[in-house]
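Chain by chain, the residues:
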Amino acid sequence: MQPANDRLRRALLSALLIAAMPVCLYAQATPAAATSPVTDPESEPLELSPFEVDASRDVGYLATNTLAGSRFNTSLKDTPATISVMTAEFLADIGATQIEDAMRYAVNVEFFNDDDRQAINGNSIFSNFQTYRVRGLEASRTRNFFSMSGRAVPDEMAFVERIEDSRGPNSVMAGISQPGGTINSSTKQARLTQAFERSSVMLGSYDSKRVTLDVNRPLGRKLAVRLNAVYNDNNEFRLFQHQTHLRAMLSATYQLSERTRIRAELERGEIESNQPTGDTLRDYSLAWMDAGRPTAATQVAIANTVRLNQTNRHVTYIANGDNVMDLRGTLQTTGSNNTITDPKIADYSINWGGLAQNRFLRFGVFSAFLEHQITKNTFFEIAFNHAEQTFDNRQPRGTPQQLLGDPNQRLNGANNALNGGGTNPYAGRLFLESSWFRTDRWDLSDTGRVMLSHVLDLRKWGNYRFVGGIEYEKRFFRSRLNWEQWRDASTGAPPFNAAPDNVLNRVYRRTYVTEGQWDTYSLSGPVGNSGMLNNITDPVNGRTLSSAWVQGAAPIETYVTQKTGNFAAQARYFSDRLIVMGGLRRDEYDDMRLATARDSVTQVWGIIRDPNDPGVARNSVIGRSKTFGAVFHATPRISLISNVASNVSVPVAGQYRLDPSGDPLKEPLLVPNPTGRGRDYGIGLNLIDNRLYLRVTRYTTQATDQSTTSPSRVRTNNLAIMDLLLANGLIGQAEYDKRTDVGGSGLFGDKSTGVEFELTGNVTDNWRVTMSYSKTKALENYRFTEWLKWEKINDQFLQPYLSNQTVGGTISTLLDGIHDELLAQTQSVGVGKFGNREHKFSTTTRYNFRQGLLRNTYVGASYRHQSKMFVGTDPATGDNLYGNSYGYADVFLGYTAPRFYRNLRLSFQLNVYNVLNKRKPLVIRYSTTDPTVVFRNLVQPPTTWRFTTNIEF
């Protein structure tokens, strides 16, 4: 990573260059090239690929065609799969700059906020960019229908022509994917028939700024190139939260002949972001504060405090004093660990991760397509996609969100000999403390695809379209996990334990806050490469310490190959009144995760690059999926629709589960292939002379054999019980091995049923509208069934030992923990699904004024509402618990100026979001002991705005 100042200077310079480029290009262009499209009908190339949709034919909010249902260009009204399209005009109206801006308005979509499982810790928020649930289940993302493997790069709307959301497991398109559906973005292409230069400048709340450039140039009659570039610096209401990126995409189209076309695009970019978890600070000091903040002269615990371990060193950097203390044995306050909901104590703007909580992504994507028309009705496509990214993520770990208090009047002189103990200058103050964790990843993928389509017209016997193809993909993934650890500055050796990653060498950073000054409620951390600690004096023996990133776990290096064959067909009968579609797909997936080991001398983790090593974990999946559907146009205005589909996902490599019987004496099994199944049926209505399209769909979607980590408390307690039995000679080693080798994974399945209404179109030439409503009942269908069977078998096995005077009491306590954990993990089965909001509504409308005083002006508004979220059940009563609902109103206003110099056009647009300033945090979990107390929540942004100036030459 580059220092922040260097990145800022480079970003500002880039922004200036981008802003200047339209003027330069305009000055250099000839008038004909700048103003006249190619209009000679003799030179127009033939309409080519059925594998491509021309988004320029979308009108307003109404899209006509899609690839998402069948692999070939098909009218949306003829597509059995449930698909929604966000057109370029709609994306512009809502002011979307990132894909997540657009998905807030999508049909039946929920944002993943680490809220759909029992245990939540926020780690996945740091490690991934935004992901989504569709119909209550996890969804996949693709770009130009290439799978976005690894951690999907967020799409930049300046490069996107349209977004297609195919709901349900229609895996003829996506193959190995998630059951909720597939969200595909289609990028902008170079156009042979038009020359233009477009630029925009956006200013927004919290000093946000953005500059874009879009230049398209036909170079003769056969070649066109297009450059899209963007500099974006988006800041949020939470302190330090931002996303800054510089991205550019160069695309080209070459008409090799009337029947052959080549398209290619290359995108490169860098994204730097600070993304906190959604909740605020947690209570570890409120009771102590209410008691008057008592302090103690010795380390004898007082009310609402706890004493740190007296033996293990706790070498802590104090950011306020730029010094180090060994705080072992000292006191700190304790509390409920529930979210602090009083903004006077912890304001919504607090970002406890501070400046160091950064993610840095550098990526590149290259795609190429060769399209050839073999005969009038036969088309051929060869496509290739290369994607590569490096990801550097720093996050605080341990207890970063706990607002703690310091009750120590004096420091422990024995631990801090050089400081002599003495009075603690921070006694009675609040503080934050954490250690720091870093993830370093590299993702690489190459995909090749060959497709062939043919149309067979048998006149009164029907019209048939066939498409088949093969695909081959290779992926590589490497990940290293690091902790900030102490080093002896003179020798580089670990100072407190021989193992470099041992917890005794861990760097702890503490920051004492200035109460009410919210920017001080943030952790000190290693910002970039220059933020490590240097020339720090060891408080015990005076040696000089420094900090460094030290690999804290076995690295991961995985190689993946995937081979795919698919076939789809469409048949049209009775003058296109009946359309029948079907498809089959077969995927062969293999991955290999290399073995790892510690160096016997340095104790550093390394990768064993021998694919035959016995520690190599391999995973093979044969996925067979299908889709079948039909559309019957009963009248020109009424259509009946039905579709069934399935898909296959990929289990985690090398993960084992209990035998389905739950018997721990049987060998654990590899987790099975996750699958998805879906069924849709509904009705489509064309209204107002085909200006509006209404679709009503009823659906059922199931996800089965999904795998996740089994409850750690269950495995930990079981291991402790077996340790007791073995140590006391009550079981032998062989039985101990069997009963502790129970696999680290468990299975679950989810099901969602519901109905979706979507109305989209152009009521008049001046009036656009889109509106959707969905009702989704998502359930945990089953969860950890094998572990529940194991629980009964285990209870029966341990029954004779509970009366043992030596171990019986301890076993009973550990068993209670197992029972409590499994109950907590499974109590929602058949009742609800964490994170599900049953009712969702969204509408956006725009009206253009064509005459009068408001001529060339347009106004619009959106409203988004989602009902209360299922967050679990009351352990005492069994009643369902729900978080609060939300609803946000947005407005936009625009003006297009008449041409005032040559072909220069100016337009302006103001978007205001959450105009009613709804700020109440969204509850995503209540306390397990008191369902009236908030355990976790998501803070919501206040009213924000964006003002955009668009320039077109």
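Predicted model only: the values in this text are computed from it and were never measured. For every chain, the first residue of the written sequence is number 1, and numbering continues from 1 along that sequence. This being a predicted model, a pLDDT of at least 70 is required before a residue's local features are given, and a value of 80 or more before pairs of side-chain atoms are given or counted; all residues contribute to the totals for chains, interfaces and linings. With hydrogens and water stripped out, all remaining heavy atoms of the structure feed into the side-chain values.

J.: Give me the overall build of the protein chain: which residues, what numbers.
T.: Under the DSSP-based scheme used, a helix requires at least four consecutive residues in state H or I and a strand at least two consecutive residues in state E, with every element numbered from the N terminus. On a plain count of helices and strands, the protein chain comes out with 11 helices and 49 strands. Relative to its length of 953 residues, the protein chain is compact, with a C-alpha radius of gyration of 30 Å against a globular reference of 30 Å. Along the first, second and third principal axes, the C-alpha set of the protein chain runs to 90 × 65 × 55 Å. Classification of residues uses two cut-offs on accessible area relative to the type maximum, computed with a 1.4 Å probe and protein chains only: under 20% is buried, over 50% is exposed, and between them is partly exposed. Taking all 953 residues of the protein chain together, 55% fall into the buried category. Here the contacts in the protein chain between residues at least 6 apart in sequence split such that 72% fall between residues at least 24 apart. Approximately 39,500 Å² of the protein chain is accessible, and the part contributed by carbon and sulfur atoms is 55%. C-alpha atoms define the radius of gyration, and 2.2 Å times the number of residues to the power 0.38 defines the globule rule. Contact criterion: two residues are considered in contact whenever any of their non-hydrogen atoms come within 4.5 Å of each other. Per-residue and other accessible areas were derived by the Shrake-Rupley procedure at a 1.4 Å probe size, with only the shown protein chains allowed to occlude residues.

J.: Go over the nonpolar core, please, and point to the residues and values.
T.: The set of buried Ala, Val, Leu, Ile, Met, Phe, Trp, Tyr and Cys residues whose side-chain atoms join them within 4.5 Å is what this entry labels a nonpolar core. Leu 91, Met 103, Ile 163 and Ile 183 are the most contacted members of the largest nonpolar core, which has 23 residues in total. For this core, the secondary-structure elements that each account for two or more residues are α3 (88–93), α4 (99–103), β4 (109–111), β5 (132–134) and β9 (160–167). A per-element tally of this core places α4 first, with 3 residues. What Met 103 contacts, discounting residues up to four positions off in sequence, is Val 109, Phe 111, Tyr 132 and Ile 183. By size, the runner-up hydrophobic cluster in this structure holds 20 residues, among which are Ile 721, Phe 784, Trp 787 and Val 807.

J.: An account of a nonpolar patch on the surface is requested, with residue identities and associated values reported.
T.: The patch calculation keeps residues exceeding 30% relative accessible area without a salt bridge and links them within 9 Å when they carry like charges or within 5 Å when they are nonpolar (Val, Leu, Ile, Met, Phe, Trp, Tyr). Definition used for salt bridges: Asp or Glu carboxyl oxygen within 4 Å of a side-chain nitrogen of Lys or Arg. Where nonpolar side chains cluster on the molecular surface, the patch consists of Val 201, Leu 203, Trp 767, Tyr 847, Val 859, Leu 893, Leu 910, Trp 945 and Phe 947 and spans about 740 Å² of accessible area. Those elements that provide at least two residues to the nonpolar patch are β11 (196–204) and β49 (944–952). Note on placement: Phe 947 falls in strand β49.

J.: A description of the pattern of salt bridges should follow, citing residues and the corresponding values.
T.: Summed over all chains, the structure comprises 56 salt bridges. In this structure, the salt-bridge partner of Arg 936 is Asp 279, at a minimum N-O distance of 3.7 Å. Of this pair, Arg 936 sits in strand β48 (residues 934–938) while Asp 279 is found in the loop between β15 (260–274) and β16 (282–284), placing the two residues 657 residues apart along the sequence. In this structure, Arg 936 and Asp 279 share a single accessibility class: buried. Salt bridges linked by common partners bring Arg 135, Asp 165, Arg 167, Asp 680, Glu 756 and Glu 758 together as one network.

J.: An account of the pairing of β49 is requested, with residue identities and associated values reported.
T.: Direction of pairing for β11 relative to β49: antiparallel, over a ladder of 7 bridges. Looking at β49, one finds that Leu 203 is bridged to Phe 947. For two strands to pair, DSSP has to find at least two bridges joining them. Here strand β46 (residues 905–913) runs beside β49; their pairing, made up of 9 bridges, is antiparallel. Residue pairing across strands places Arg 905 opposite Glu 952, the latter belonging to β49.

J.: Break down the sheet that holds β4 for me, with residues and values.
T.: The strand order β4-β5-β6 describes an open sheet built from 3 strands, whose pairing is antiparallel. The open sheet has two free edges, formed respectively by β4 and β6 (137–138), since each of these has just one partner strand. Sheet topology places β5 next to β6; 2 bridges connect them, and they run antiparallel. Within β6, the residue paired with Val 134 across the bridge is Leu 137.

J.: Go over the confidence of the model for the protein chain, please, and point to the residues and values.
T.: For every residue, the predictor states its confidence as a pLDDT score lying anywhere from 0 to 100. Taken as a whole, the protein chain shows an average pLDDT of 87; of its residues, 90% reach a score of 70 or greater. Taken as a whole, residues 1–5 scores under 50 in pLDDT and shows 8 contacts with residues more than four places along the chain or in a different chain. Counting interchain partners and residues more than four positions distant, the pLDDT-below-50 stretch residues 7–46 has 51 contacts.

J.: Quick one: what's the story with the packing of helix α10 (residues 785–798) against helix α11 (residues 808–826), residue by residue and with numbers?
T.: To obtain each axis, a line is fitted to C-alpha atoms, and for helices this fit is confined to the stretch in contact; angles are then taken between N-to-C directions over 0 to 180 degrees. Interaxial distance between α10 and α11 falls to 11 Å at its minimum, and their mutual angle equals 165°. Taken together, the axis directions place α10 and α11 in an arrangement best described as roughly antiparallel. Both α10 and α11 take part in a crossing whose hand is left-handed. Within the contact between the two elements, α10 uses Trp 787, Leu 788, Trp 790, Glu 791, Asn 794, Asp 795 and Leu 798 and α11 uses Ile 811, Leu 815, Ile 818, His 819, Leu 822 and Thr 826. Taken together, the residues that form the contact of α10 with α11 break down as 8 nonpolar, 3 polar and 2 charged. Roughly parallel here means an angle under 35 degrees, roughly antiparallel means over 145, roughly perpendicular means 65 to 115, and every remaining angle is called oblique. Put simply, a crossing is left-handed when the front helix is turned counterclockwise from the back one by less than a right angle, and right-handed when it is turned clockwise. Put simply, Ala, Val, Leu, Ile, Met, Phe, Trp, Tyr, Cys and Pro go in the nonpolar bin, Asp, Glu, Lys and Arg in the charged bin, and everything else, Gly too, in the polar bin.

J.: Describe the sheet that holds β9, listing the residues and the values that go with them.
T.: The strand order β3-β9-β10-β7-β8 describes an open sheet built from 5 strands, whose pairing is mixed. The two strands at the open ends of the sheet, each matched to only one other strand, are β3 (82–86) and β8 (146–147). Where β9 and strand β10 (residues 181–187) come together, 7 bridges link them in antiparallel fashion. Across the sheet, the residue bridging to Arg 162 is Ser 186, located in β10.

J.: Tell me about the packing of helix α8 (residues 712–727) against α11, and please be specific about residues and values.
T.: It is at 9 Å that the axes of α8 and α11 come closest, and there the two elements cross at 160°. Considering the angle they form, α8 stands roughly antiparallel to α11. Handedness of the crossing formed by α8 with α11: left-handed. Every residue of α11 that contacts α8 at Arg 713, Val 714, Asn 717, Asn 718, Ala 720, Ile 721, Leu 724 and Leu 725 is listed here: Thr 810, Ile 811, Leu 814, Leu 815, Gly 817, Ile 818, Asp 820, Glu 821 and Leu 822.

J.: Summarise the environment of Gly 269; cite the residues concerned and give the values.
T.: Relative to the helices and strands, Gly 269 resides in strand β15. Considering only alpha carbons, one finds Gly 269 and Gln 118, 151 residues apart in sequence, at a separation of 36 Å. Contacts of Gly 269, omitting those with residues within four sequence positions, involve Leu 246, Arg 247, Leu 361, Arg 362 and Phe 363.

J.: Now, about the packing of aromatic side chains: what can you tell me, with residues and values included?
T.: Two aromatic rings, drawn from Phe, Tyr or Trp (for Trp, its six-membered ring), form a pair once their centres lie within 6.5 Å of each other, and the interplanar angle then sorts them: stacked below 30 degrees, edge-to-face above 60, tilted otherwise. If you walk through the whole model with that rule in mind, you get 23 aromatic pairs. Pairing Phe 111 with Tyr 132 gives two aromatic rings, centres 5.1 Å apart and planes at 90°, and the pair type is edge-to-face. One end of the pair, Phe 111, is in strand β4; the other, Tyr 132, is in strand β5, and 21 residues separate them in sequence. Judged on exposure class, the residue Phe 111 and its partner Tyr 132 are both buried. Seen in terms of ring centroids, Phe 129 and Phe 391 are 5.9 Å apart; in terms of plane orientation they differ by 70°. Their pairing is edge-to-face. Remark: Phe 391 occurs in strand β22 (residues 378–397) and Phe 129 occurs in the loop between α5 (123–127) and β5; sequence separation between them is 262 residues. The exposure class assigned to Phe 391 is buried, which follows from its relative accessible area of 2%. Members of the aromatic cluster, joined through ring pairs, are Tyr 464, Phe 466, Phe 567, Tyr 573 and Phe 574. A cation over a ring is seen here: Arg 739 above Phe 797, with NZ or CZ 3.5 Å from the ring centre. Over the face of the ring belonging to Tyr 882 we find Lys 868, whose NZ or CZ atom lies 4.6 Å from the ring centre. In this scheme, the term charge over a ring applies when either NZ of a lysine or CZ of an arginine sits within 6 Å of the ring centre and within 35 degrees of the ring normal.

J.: Any chance you could break down α10 for me, citing the residues and the numbers?
T.: With 14 residues, α10 extends 20 Å between its outermost C-alpha atoms, agreeing within 8% with the 20 Å of an ideal straight helix rising 1.5 Å per residue. Here α10 has its buried residues at Glu 786, Trp 787, Trp 790, Glu 791, Asn 794, Phe 797 and Leu 798. Projection of α10 onto a plane perpendicular to its axis shows the buried side chains occupying an angular sector of 145°, all on one side. Opposite the buried face of α10, by more than 90 degrees, sit the exposed residues Lys 792 and Gln 796. Turning to α10, the residues buried within the fold contact β35 (656–657), α8, α9 (733–740), β39 (745–762) and α11. For a helix, the expected span equals 1.5 Å multiplied by the number of residues minus one. The directions considered for the arc run from the helix axis to the C-beta atoms.

J.: Tell me about the environment of Arg 261, residues and numbers included.
T.: On the secondary structure map, Arg 261 appears in strand β15. Along the backbone, Arg 261 and His 372 are 111 residues apart, and their C-alpha atoms lie at a distance of 6.5 Å.

J.: Can you break down the pairing of β22 residue by residue, with the values?
T.: When strand β21 (residues 359–375) meets β22, the two strands line up antiparallel, connected through 16 bridges. Directly across from Glu 371, in β22, lies its bridge partner Glu 381. Between the end of β21 and the start of β22, which pair antiparallel, lie 2 residues. Relative to strand β24 (residues 430–457), β22 runs antiparallel, the two being bridged by 20 bridges. The partner of Phe 380 across the bridge, within β24, is Leu 452.

J.: Tell me about the environment of Lys 666, and name the residues and values.
T.: Positionally, Lys 666 belongs in the loop between β35 and β36 (669–670). Here Lys 666 falls in the partly exposed class, since its relative accessible area comes to 43%. It is 46 Å that separates the C-alpha atoms of Lys 666 and Val 107, two residues lying 559 residues apart in sequence. Beyond its immediate sequence surroundings of up to four residues, Lys 666 is in contact with Asp 659 and Ser 661.

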